Amino acid sequence: MIKEAFNGLRTAWKGLALTLKHFGGATEAKKVKGIAEANYFEQQNGIATVQYPHQKLPVPEVGRYQLEVVIDDCIVCDLCAKICPVDCIDIESIKATEAIGKTSDGSVKRLYAPKFDIDMAKCMYCGLCTTVCPTECIIMTPQYDKSVTHISDLNYKFATMTEVEAVEKRLEQEKQLAERQAAKLAAMKKMQEDN
Ligand code: SF4
Ligand code: SF4
């Protein structure tokens, strides 16, 4: 009987110790730590469940989750789309008739972007697009819970131009092209006449 009582106390203590360990682990997990810290993964010890969304597991500072584009800083160079291994970035550009402003890093903007779509359903989160961007306007954010109800909603649209504005800019570009070609033709004719 004494032995059984001792065993009961021992197992009760083991259960209590496990509960205390989980409690301590959960408290520790609420503190965000950098991925570079040696004990980054150790902080998740003892966690069985988190009270999401009130409590979230920490994510690495360099984690790749959702892409974001600061479209005002985009110079529409298309480098991100070209390097994407799965072709999930779709950009359309319209050449402006003159410089249209500067990005926050001072790069001159000469192209409009009537379309800038990223299909996150196809994205493999390699991060290559973020490394080639000259203005660092396409970035990986730590947001991992951007859920949608239909897969087509994962095709994120970052362009801010309206269709009317896009048509106007295309017409301006065509007009400028036509004027330049007319001027070139006139210059060639004049050269022929002078000869
Ligand atoms: S992270 Fe990789 S796959 Fe995703 S859009 Fe960028 S280059 Fe493409
Ligand atoms: S690489 Fe950067 S600047 Fe160039 S189109 Fe992509 S997001 Fe815009």
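Residues numbered from 1 in each chain as written. Chains lettered and ligands numbered in written order. Predicted model: local features only at pLDDT ≥ 70, side-chain atom pairs only at ≥ 80, totals over all residues. Heavy atoms only, no water.

Engineer: Would you mind going over the overall build of the protein with me for this structure?
Structural biologist: Of regular secondary structure, the protein possesses 4 helices and 5 strands. When the helices and strands of the protein are read in sequence order from the N terminus, they spell out α-β-α-β-β-α-β-β-α. Across the 195 residues in the protein, those meeting the buried criterion constitute 27%. At a minimum sequence separation of 6, the contacts of the protein that also span at least 24 residues come to 69%. Accessible surface for the protein amounts to roughly 13,700 Å². Of this, 57% is attributable to carbon and sulfur atoms. (Helix = DSSP H or I, 4+ residues; strand = E, 2+ residues; numbered from the N terminus. Buried < 20%, exposed > 50% of the residue type's maximum accessible area, 1.4 Å probe, protein only. Contact = heavy atoms within 4.5 Å. Areas by Shrake-Rupley, 256 points an atom, 1.4 Å probe, with all protein chains shown as cover.)

Engineer: Honestly, the sheet that holds strand S5 (residues 155-157) in this entry has me stumped. Any pointers?
Structural biologist: Pairing between the strands of a sheet is mediated by backbone hydrogen bonds and can be parallel or antiparallel. Strand order in the open sheet formed by 3 strands is S2-S3-S5, with antiparallel pairing between adjacent strands. Two strands lie at the open edges of the sheet, namely strand S2 (89-95) and S5, each paired on one side alone. Adjacent strand axes in the sheet meet at a mean angle of 15 degrees when their direction is disregarded. Across the sheet, helix H4 (residues 163-194) touches S2 and strand S3 (111-119), and the angle it forms with S2 is around 50 degrees. (Pairing = 2+ DSSP bridges. Axes fitted to C-alpha atoms, helices over the stretch in contact; angles between N-to-C directions.)

Engineer: Teacher, can you tell me more about the site of ligand 2 here?
Structural biologist: Not every one of the 13 residues close to ligand 2 is listed here, only the nearest: Cys-74, Cys-77, Asp-78, Cys-80 and Cys-133. Considering only residue class, the shell around ligand 2 consists of 11 nonpolar, 1 polar and 1 charged. (Near = heavy atom within 4 Å. Nonpolar A, V, L, I, M, F, W, Y, C, P; charged D, E, K, R; others polar.)

Engineer: In this structure, what is going on with H4? I would like to understand it.
Structural biologist: The α-helix advances 3.6 residues per turn, and as a result positions three or four apart in sequence lie on the same side. Here H4 spans 47 Å end to end across 32 residues, near enough to the 46 Å set by a 1.5 Å rise per residue. Among the residues of H4, those classed as buried are Ala-166, Lys-169 and Gln-176. Contacts made by the buried residues of H4 are with S2 and S3. (Expected span 1.5 Å × (residues − 1).)

Engineer: What should I look at first to understand the layout of surface pockets in this one?
Structural biologist: Size it by volume and the largest pocket reaches roughly 180 Å³. As for the largest pocket, its lining consists of Ile-71, Asp-72, Cys-74, Val-76, Ile-100, Lys-109, Leu-111, Tyr-112, Ala-113, Ala-159, Thr-160 and Met-161. (1 Å grid on protein atoms, 1.4 Å probe; cavity = no way out; pocket = protein on both sides within 12 Å on 5 of 7 lines; lining within 4 Å. Points joined across faces, edges and corners; volume = space filled by probe spheres on them.)

Engineer: Explain the nonpolar core here, please?
Structural biologist: The nonpolar side chains of a soluble globular protein tend to be buried with one another. Counting 24 residues, the largest nonpolar core has Leu-67, Ile-89, Phe-116, Ile-118 and Ile-138 as its most contacted members. Elements with a contribution of two residues or more to this core: strand S1 (66-69), helix H2 (79-83), S2, S3 and strand S4 (138-141). The element best represented in this core is S3, accounting for 3 residues. Excluding its chain neighbours within four sequence positions, the residues that come into contact with Leu-67 are Ile-118, Met-120, Cys-123, Cys-129, Thr-130, Ile-138, Ile-139, Met-140 and Phe-158. Counting 5 residues, the second-largest nonpolar core is a separate cluster that includes Ala-96, Tyr-112, Met-161 and Ala-166. (Core = buried A, V, L, I, M, F, W, Y, C linked by side-chain atoms within 4.5 Å.)

Engineer: It is not clear to me how the UniProt feature "coiled-coil region" (unreviewed entry) in the protein should be interpreted in this structure. Could you clarify?
Structural biologist: Sites flagged by UniProt as "coiled-coil region" (unreviewed entry) map to residues 161-195. Split by type, residues 161-195 is 91% helix and 0% strand. Its first and last C-alpha atoms lie 49 Å apart. (UniProt positions renumbered as here; feature names shortened; annotations may be inferred.)

Engineer: Sorry, what's going on with the environment of Phe-116 here?
Structural biologist: Structurally, Phe-116 can be placed in strand S3. Residue Phe-116 is classed as buried on the basis of its relative accessible area, which comes to 1%.

Engineer: Explain unusual backbone geometry to me, please; I cannot follow it from the model alone.
Structural biologist: Peptide bonds are, in most cases, trans, and in most cases residues other than glycine have a negative phi. With phi around 50 degrees, Asp-87 is a residue other than glycine that occupies positive phi space. Assignment of secondary structure puts Asp-87 in the loop between H2 and S2. Positive phi is not limited to glycine here, since Glu-136 has a value of about 55 degrees. By the secondary structure assignment, Glu-136 is in the loop between helix H3 (128-132) and S4.

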